[in-house]
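# Structural overview
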Amino acid sequence: MEWIIGCWVLIGLVIGWYWLKEKKKLEKSGVPKGSLGWPFIGETLDFISCGYSSKPVSFMDKRKSLYGKVFKTNILGTPIIVSTDTEVNKVVLLNQGNNFIPAYPKSVRDLFGKNSILHTNGSPHKRMHALILGFLRSPPLKARVTKVFEDSVKLSLATWKDNNPIYIQNESKKLTFDVLVNTLTSVGPGENLNFLRSDFQEFIKGLICLPINLPGTRFYKSLKAKERLMKRVMAILEERKESMNFKDEKAPINDAVDLLLRDSSESSEKQSLPLDSISGNIIEMMIPGDETMVTAMTLAVKFLSDSPVALQKLVEENMELKKRKTDSGEDYAWSEYMSLQFTQNVISETLRMANIINGVWRKALKDVEIKGYSIPQGWCVLASFISVHMNEDNYENPYQFNPWRWEKMEATVNNNFFTPFGGGQRLCPGLEYSRLQLSIFLHHLVTTYRWVAQQDEIVYFPTVKMKRKLPITVTSINTTP
């Protein structure tokens, strides 16, 4: 028994010695001030506990007060430099000179694979980003999405019953994923869509977990789900490739499958993507339909429920549009949804407060100096968006839901203080697509029902969610002229 205790003591001493040695090495490397916390664990426990609190930004705020706007820490097993400074974040995001590359946890890297859009850099990434951006911004796609999403929202709302609990987080997920998959692959309701949805939800559960690939573990199950997803999407690609006439330049591009297949056929052999890479890209583009869009819709309802004055203003604006369309008998145009100014302010404020993407991770390819801060080669940098969005120096009363602030801050939507979709070369190409869907959802919701939300809490870790999926009870609005 004594020798076992002795072994554990020896192991502890070795670990402690190694940790102190590495800590001194890191402190001499010129990185910003901060604490690396406990061996291996670092400051992860504090980071996670703040994520389960009402103010997850308190982790950053505490260290910012001690060490300044840029500091070092150790979270999720990684020594990292955190920036809460808008100017430093801008330099990291713009990445002029290609000083930084994306850096994600091992679970994300392994699940997405080496050909992931997240890992692509340089000209291949620029090309893919421009291709997807042009597609998602195209007026024909916006018109199609408007019609498909409108129909889906109306069908969903029609199933809601007065005085019965409706779980907004669940309802949003049904809407967004199905429409996004249709946009990407043209797969409609049916068995194939059900399998895609089921496998995708199993796959995405493993993005933030310990990457232990053993039967029964969360990571293993997610890898298996990814394999099934790849096979299903590959089957769609192969079938479409056989039927497409790539020589007909005027043939319409109906979805992302058409877009990527045509681009691959027109590219040189060196630049063209194999089908498995295209399949992986399609799967990655499904993420907003299961995560970010769902959360944005849910939290918009949450914030409006807590802000009756803002909700009333939103109702008035949308009722006015509905009356015009009812009187004219015309269909809605996507531009009409996007022109609802207060609705857009509500969306901006929701995105600012929700912080669905609370920051991005980058890795320095060489020593970088920004505003007097040294970022050594090989170090990861977390550009914190939540710290900027919830900073009272940037936003007056940042914890107050105030859509009216955007009437005075129109330019802020495009500057360093507002980055819900990231920024720089990797700005999310689906930002307009997302705003359009949010506008459609809010319009039909507030012109169809009044509601009362039950008590619920926001959980910020591992991703932003409502603890009880935001249950509400609805009452139909009689809008008959």
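Residues numbered from 1 in each chain as written. Predicted model: local features only at pLDDT ≥ 70, side-chain atom pairs only at ≥ 80, totals over all residues. Heavy atoms only, no water.

### Describing the sheet that holds strand β9 (residues 449-453)
- The antiparallel open sheet is built from 3 strands, whose spatial order is β4-β12-β9. Edge strands, defined here as strands with exactly one partner in the open sheet, are β4 (165-167) and β9. Across the sheet, the axes of successive neighbouring strands diverge by a mean angle of 45 degrees, strand direction being ignored.
- Helix α8 (residues 168-185) rests against β4 and β12 (471-476) of the sheet, and its axis sits at about 55 degrees to β4. (Pairing = 2+ DSSP bridges. Helix = DSSP H or I, 4+ residues; strand = E, 2+ residues; numbered from the N terminus. Axes fitted to C-alpha atoms, helices over the stretch in contact; angles between N-to-C directions. Contact = heavy atoms within 4.5 Å.)

### Describing the environment of Val 315
- Here Val 315 shows up in helix α15 (residues 308-328).
- On the accessibility criterion, Val 315 (6% relative accessible area) is buried.
- Put simply, Val 315 and Arg 450 are 135 residues apart on the chain and 9.6 Å apart in space, counted from C-alpha to C-alpha.
- Apart from the residues lying within four places of it in its own chain, the contact partners of Val 315 are Val 446 and Arg 450. (Buried < 20%, exposed > 50% of the residue type's maximum accessible area, 1.4 Å probe, protein only.)

### Some details on the packing of helix α14 (residues 292-305) against helix α19 (residues 431-446)
- Put simply, α14 and α19 touch, their axes get as near as 10 Å, and they point 40 degrees apart. Classified by the angle their axes make, α14 and α19 are oblique. Relative to α19, the crossing made by α14 is right-handed. Note on element contacts: α19 touches α14 through Ser 434, Gln 437, Leu 438, Phe 441, Leu 442 and Leu 445, opposite Met 293, Ala 296, Met 297, Ala 300, Val 301 and Leu 304.
- Residues that form the contact of α14 with α19 fall into these classes: 10 nonpolar, 2 polar and no charged. (Parallel < 35°, antiparallel > 145°, perpendicular 65-115°, else oblique. Left-handed = near helix turned anticlockwise from the far one by under 90°. Nonpolar A, V, L, I, M, F, W, Y, C, P; charged D, E, K, R; others polar.)

### Topic: a nonpolar patch on the surface
- Together, Trp 38, Phe 40, Ile 41 and Leu 45 give the surface a local cluster of nonpolar side chains, amounting to about 520 Å² of exposed area.
- Owing to a relative accessible area of 55%, Phe 40 belongs among the exposed residues under this scheme. (Patch = residues over 30% accessible without salt bridge, like charges linked within 9 Å, V, L, I, M, F, W, Y side chains within 5 Å. Areas by Shrake-Rupley, 256 points an atom, 1.4 Å probe, with all protein chains shown as cover. Salt bridge = Lys/Arg side-chain N within 4 Å of Asp/Glu carboxyl O.)

### Focus: the environment of Ile 278
- Within the fold, Ile 278 resides in helix α12 (residues 275-284).
- Of the residues examined, Ile 278 reaches a relative accessible area of 0% and is grouped as buried.
- Each C-alpha atom of the pair Ile 278 and Asn 115 lies 9.0 Å from the other, and the pair is 163 residues apart in sequence.
- Dropping the residues within four chain positions of it, Ile 278 is found in contact with Leu 237, Leu 260, Leu 261, Ser 264 and Leu 273.

### Points about the environment of Leu 351
- Relative to the helices and strands, Leu 351 is located in helix α17 (residues 341-354).
- Sequence separation between Leu 351 and Met 297 is 54 residues; the distance between their C-alpha atoms is 9.8 Å.
- Those residues in contact with Leu 351 that lie beyond four places of it in its chain are Ala 296, Ile 356, His 389, Phe 418, Pro 420, Phe 421 and Arg 435.

### Concerning the nonpolar core
- Among the nonpolar cores identified, the biggest contains 96 residues, and Trp 160, Phe 200, Phe 203, Ile 282, Leu 304 and Trp 451 are the most heavily contacted of them.
- Ile 282 has contacts with Leu 184, Thr 185, Val 233, Ala 256, Val 257 and Leu 260, leaving out every residue within four places of it along the chain.
- Core analysis: the second largest hydrophobic core is formed by 16 residues, Val 57, Ile 80, Cys 380 and Leu 382 among them. (Core = buried A, V, L, I, M, F, W, Y, C linked by side-chain atoms within 4.5 Å.)

### A look at helix α3 (residues 58-67)
- For α3, the full list of buried residues reads Phe 59, Met 60 and Arg 63. Taken around the axis of α3, the buried residues stretch over an arc of 90 degrees, which confines them to a single face.
- Packing partners of the buried residues in α3 comprise α2 (44-51), β1 (70-75), β2 (78-83), β8 (380-384) and α18 (385-389).
- Of the residues trailing α3, Gly 68 is marked for its positive phi of about 110 degrees. (Arc of directions from axis to C-beta.)

### A look at the packing of aromatic side chains
- If you walk through the whole model with that rule in mind, you get 12 aromatic pairs.
- Measuring from ring centre to ring centre gives 6.2 Å for Phe 47 and Phe 461, while their planes differ by 85 degrees; the resulting arrangement is edge-to-face. With Phe 47 in helix α2 and Phe 461 in the loop between β10 (458-459) and β11 (465-466), this residue pair connects regions lying 414 residues apart in the sequence.
- Feature note: the residues Phe 47, Tyr 52, Phe 59 and Phe 461 constitute an aromatic cluster, connected by ring pairs.
- One residue, Lys 55, lies across the ring of Tyr 399, its end atom 4.5 Å from the ring centre.
- A cation over a ring is seen here: Lys 313 above Phe 342, with NZ or CZ 6.0 Å from the ring centre. (Phe/Tyr/Trp six-rings, centres within 6.5 Å; stacked < 30°, edge-to-face > 60°. Lys NZ or Arg CZ within 6 Å of the ring centre and 35° of its normal.)

### Notes on the UniProt feature "binding site: heme" (unreviewed entry) in the chain
- Here, the residues flagged by UniProt with the feature "binding site: heme" (unreviewed entry) are Cys 428.
- In this fold, Cys 428 is placed in the loop between α18 and α19.
- According to the relative accessible area criterion, Cys 428 is partly exposed, its value standing at 27%. (UniProt positions renumbered as here; feature names shortened; annotations may be inferred.)

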